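Results of the structural survey
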Amino acid sequence: MSESYQIPEADLIIEEEIKHSRFISFLFHCPSQEVLKLALTNIRRDYPGASHYCYAFIAGAPNDMVNIGSSDDGEPAGSAGRPMLATLQGANVGELGAVVVRYFGGTKLGVGGLVRAYTSGIKQGVSQLSLTTKFIRYPIKLDCSYAQLANIEYLIAQFDGVVLSKDFAESVVLQFELAKDALDDFNQQLATMTQGMLQAKFTV
């Protein structure tokens, strides 16, 4: 499994007129289905009265086959959502959502025409996307003293880790996530900081 993948860094809008219909394609970072639903709600509000609001999303790694979805939103079956999703999957970008708004212009396009129209803006947008790398993080559990906590949290932040929880008892049990590639350097600095008392290990 790849330890990192590309995700969109900024949203993008492509607007086209195809046979008198107006197609507006939105591409955005989509780490969950909830983000897709929120984007759809906002687009419906900002672009009222459209004929269709079709969407597709991959809410995980580019090859994720579980956290994906699409909708034709009333267009003929298979003419919008599925081709949009196939275009996203072909881009090799993770956590990517797309909504295409159509204002019908009076000319019917047919299924083939709709497939081309609904994927056109996405194909253009994917080539223009500003991307950043997401490193897959793995869980770590670490016991430390109260005196060590602030320094360790600072170290986790330096390595772009994410603290998940802190349990305070006789010592502090920290649960956090770190990219696999970062573990060796993290442990070197942790050993220096704690006089070799602590070492982090992945819990998976």
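Just so we're clear, the structure is a prediction, and the values are computed from it rather than from any experiment.

Rules of the game
- Residues numbered from 1 in each chain as written.
- Predicted model: local features only at pLDDT ≥ 70, side-chain atom pairs only at ≥ 80, totals over all residues.
- Heavy atoms only, no water.
- Helix = DSSP H or I, 4+ residues; strand = E, 2+ residues; numbered from the N terminus.
- Buried < 20%, exposed > 50% of the residue type's maximum accessible area, 1.4 Å probe, protein only.
- Pairing = 2+ DSSP bridges.
- Axes fitted to C-alpha atoms, helices over the stretch in contact; angles between N-to-C directions.
- Contact = heavy atoms within 4.5 Å.
- Parallel < 35°, antiparallel > 145°, perpendicular 65-115°, else oblique.
- Left-handed = near helix turned anticlockwise from the far one by under 90°.
- Phe/Tyr/Trp six-rings, centres within 6.5 Å; stacked < 30°, edge-to-face > 60°.

Turning our eyes to something else, we now look at the environment of Gly90. With respect to the element layout, Gly90 can be found in helix H2 (residues 81-90). The class of Gly90 is exposed, set by a relative accessible area of 65%. With 81 residues separating them along the chain, Gly90 and Ser171 place their C-alpha atoms 49 Å apart.

Let us look at the sheet that holds strand E2 (residues 12-18). Taken in spatial order, the 5 strands line up as E2-E3-E6-E4-E5 in an open sheet, and their pairing is antiparallel. The open sheet has two edge strands with one neighbour each: E2 and strand E5 (68-71). Going from strand to strand, the sheet's axes swing by 15° on average, the running direction of each strand aside. Lying over the sheet, helix H3 (residues 110-128) contacts E2, strand E3 (21-29), strand E4 (52-58) and strand E6 (96-103), oriented at roughly 145° with respect to E2.

Before going further, it helps to spend a moment on the pairing of E4. Counted residue by residue, E4 has 7 buried out of 7 residues, so it is predominantly covered. The alternating pattern of E4 places His52, Cys54, Ala56 and Ile58 on one face and Tyr53, Tyr55 and Phe57 on the opposite face, and all of these are buried. Across 7 bridges, E4 lies against E6 in antiparallel orientation. Note that in E6 the partner of Phe57 across the bridge is Gly97. Two elements, E4 and E5, share 4 bridges in a ladder whose sense is antiparallel. Across the sheet, the residue bridging to Phe57 is Gly69, located in E5.

Okay, the sheet that holds strand E9 (residues 162-168) next. Taking strand neighbours across the sheet as the criterion, the 3 strands line up as E8-E10-E9 in an open arrangement whose pairing is antiparallel. Single-partner strands in this sheet number two, and they are strand E8 (137-144) and E9. Neighbour-to-neighbour, the strand axes of the sheet open up by a mean angle of 20°, direction not taken into account. Here 6 bridges tie E9 to strand E10 (residues 172-179), and the two strands are oriented antiparallel to one another. In the strand pairing of E10, Val163 is matched with Phe176. Relative to the sheet, helix H4 (residues 146-158) contacts E8, E9 and E10, its axis offset from that of E9 by approximately 170°. Those strands touched by helix H5 (residues 183-193) are E8 and E10, and its axis lies near 145° from that of E10.

With that settled, consider the packing of H4 against H5. In the contact formed by H4 and H5, the axes pass within 11 Å of each other and the chain directions differ by 160°. Relative to H5, the element H4 is oriented roughly antiparallel. The way H4 lies across H5 gives a crossing that is right-handed. Here Asn151, Ile152, Leu155 and Ile156 of H4 come into contact with H5, specifically with Phe186, Gln189, Leu190 and Met193.

Before going further, it helps to examine the packing of aromatic side chains. Overall, the coordinates contain 7 aromatic pairs when judged by the stated rule. Arranged with centres 5.2 Å apart and planes meeting at 70°, the rings of Phe26 and Tyr47 form a pair that is edge-to-face. Placement of the pair is Phe26 in strand E3 and Tyr47 in the loop between helix H1 (33-46) and E4, with a sequence separation of 21 residues. Measuring from centroid to centroid gives 5.8 Å for Tyr146 and Phe168, while their planes differ by 35°, and the two rings are tilted.

Keep in mind these numbers describe shape, not what the thing actually does.
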